[in-house]
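# Descriptive structure summary
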Amino acid sequence: QGQLVESGGGLVQAGGSLRLSCAASGIIFRINDMGWYRQTPGNERELVATITSGGDTNYGDSVKGRFTISRDNAKNTSYLQMNLLKPEDTAVYYCNAEAYKGEIKWGVYWGQGTQVTVSS
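Everything quoted here is computed from the prediction, not taken from an experiment.

Here we take up the pairing of strand β10 (residues 104–110). As defined by bridge partners, strand β9 (residues 91–101) adjoins β10 across six bridges and the pair is classed as antiparallel. Note on β10: the bridge partner recorded for Asn-96 is Trp-110.

Below, the structure written as structure tokens:
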């Protein structure tokens, strides 16, 4: 079936750093874009960052200059390095990955979510 497994969340003080990882396993088709999103209670899931298979990146305005997304295509893994964390970064972070069968989009996989809490 395939799945994404996230790791690296936790509790950190404001100004600190965390690194999230998202490893794809059992996905037999080509993975194209990978991304990170976050969600707080009562709010919609919002974009944090995305990265194409070629390494092009896109960031949400609130994290530009503080967060960096990267990936290891050989390991089908994406990473989110989060620096200068703020209390408003507190959320459940989800990773996703788009799978393609040839040129046809097969589906989008989502991770189970990992809690990031930033204390002031």
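Taken as a whole and judged by the stated rule, the model has one disulfide. A sulfur-sulfur distance of 2.1 Å marks the disulfide that ties Cys-22 to Cys-95. Its torsion about the S-S bond being 65 degrees, the disulfide of Cys-22 and Cys-95 is classed as right-handed. Residue Cys-22 is located in strand β3 (residues 18–25), and its partner Cys-95 is located in strand β9; the two are separated by 73 residues in the primary sequence. The residues Cys-22 and Cys-95 share a single accessibility class, namely buried.

Calculation rules
Residues numbered from 1 in each chain as written. Predicted model: local features only at pLDDT ≥ 70, side-chain atom pairs only at ≥ 80, totals over all residues. Heavy atoms only, no water. Pairing = 2+ DSSP bridges. Helix = DSSP H or I, 4+ residues; strand = E, 2+ residues; numbered from the N terminus. Disulfide = S-S within 2.5 Å. Buried < 20%, exposed > 50% of the residue type's maximum accessible area, 1.4 Å probe, protein only.

Taken by themselves, the reported measurements are silent on function.
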